[in-house]
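Per-entry structural report
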Amino acid sequence: MQPRGLLLLLLALLLLAVTTEAGKAKKDKVKKDGSECQDWRWGPCVPNSKDCGLGYREGTCGDESKKLKCKIPCNWKKKFGADCKYKFESWGGCSAQTGVKTRSGILKKALYNAQCEEIVYVSKPCASKMKSKSKAKKGKGKD
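In this report, we go over the structure that sits alongside the text. (Residues numbered from 1 in each chain as written. Predicted model: local features only at pLDDT ≥ 70, side-chain atom pairs only at ≥ 80, totals over all residues. Heavy atoms only, no water.)

Moving on, we come to the pattern of salt bridges. This structure, assessed with the given rule, holds two salt bridges. One salt bridge in this structure joins Arg-41 and Asp-39, with 3.3 Å as the shortest N-O distance. Arg-41 sits in the partly exposed class, given a relative accessible area of 48%. A relative accessible area of 46% means that Asp-39 is categorised as partly exposed. Residues Arg-57 and Asp-83 are paired through a salt bridge, measuring 2.8 Å at the closest nitrogen-oxygen approach. On the criterion of sequence distance, the pair formed by Arg-57 in strand β3 (residues 53–61) and Asp-83 in the loop between β4 (64–72) and β5 (84–88) is long-range, its members being 26 residues apart. One exposure class covers both Arg-57 and Asp-83, and it is buried. (Salt bridge = Lys/Arg side-chain N within 4 Å of Asp/Glu carboxyl O. Buried < 20%, exposed > 50% of the residue type's maximum accessible area, 1.4 Å probe, protein only. Helix = DSSP H or I, 4+ residues; strand = E, 2+ residues; numbered from the N terminus.)

Next comes the structure, spelled out in structure tokens:
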């Protein structure tokens, strides 16, 4: 029984040594890539071309500066910015006077310390006609 107990003890010590070294390597890696600075200020995501797609965001903290890769979706609301995320209500009814319908959105999340409005309002033109159902039936009923 003693050789078996000794073997288990050696195995446990070996496992402990391996996990300790792995933890040290991970901590060293974080120190190489990371920064001691805690108060980073990030600018908006600037696309490489046009007004959406891949780009870079610059950040500063004291004397340090970094660039992070970022992406602006091509369907983002330019008025609000890509870093302000809102929860929107359903569209309201169509106003006969203006010919538009509106809805509001409440700020859900501001990414990278972005300056966002708490409540935003959006509007869009009312549909002039309901879509014809005959188009949906096209191709059916042919014998």
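Turning our attention to a nonpolar patch on the surface. On the surface, a cluster of nonpolar side chains totalling about 300 Å² of accessible area is made up of Leu-6, Leu-9 and Leu-10. Mapped onto the secondary structure, Leu-10 falls in helix α1 (residues 2–33). Residue class for Leu-10 comes out exposed when judged on its relative accessible area of 51%. (Patch = residues over 30% accessible without salt bridge, like charges linked within 9 Å, V, L, I, M, F, W, Y side chains within 5 Å. Areas by Shrake-Rupley, 256 points an atom, 1.4 Å probe, with all protein chains shown as cover.)

With that settled, the discussion passes to the sheet that holds β5. Reading across from one edge, β5-β6-β7 is the order of the three strands in this open sheet, with antiparallel pairing throughout. Only two strands of the sheet have a single neighbouring strand rather than two, namely β5 and β7 (119–125). Sheet twist, expressed as the average angle between the axes of neighbouring strands with direction ignored, equals 40 degrees. Two elements, strand β6 (residues 100–110) and β7, share seven bridges in a ladder whose sense is antiparallel. Opposite Val-100, over in β7, you have Pro-125 as the bridge partner. (Pairing = 2+ DSSP bridges. Axes fitted to C-alpha atoms, helices over the stretch in contact; angles between N-to-C directions.)

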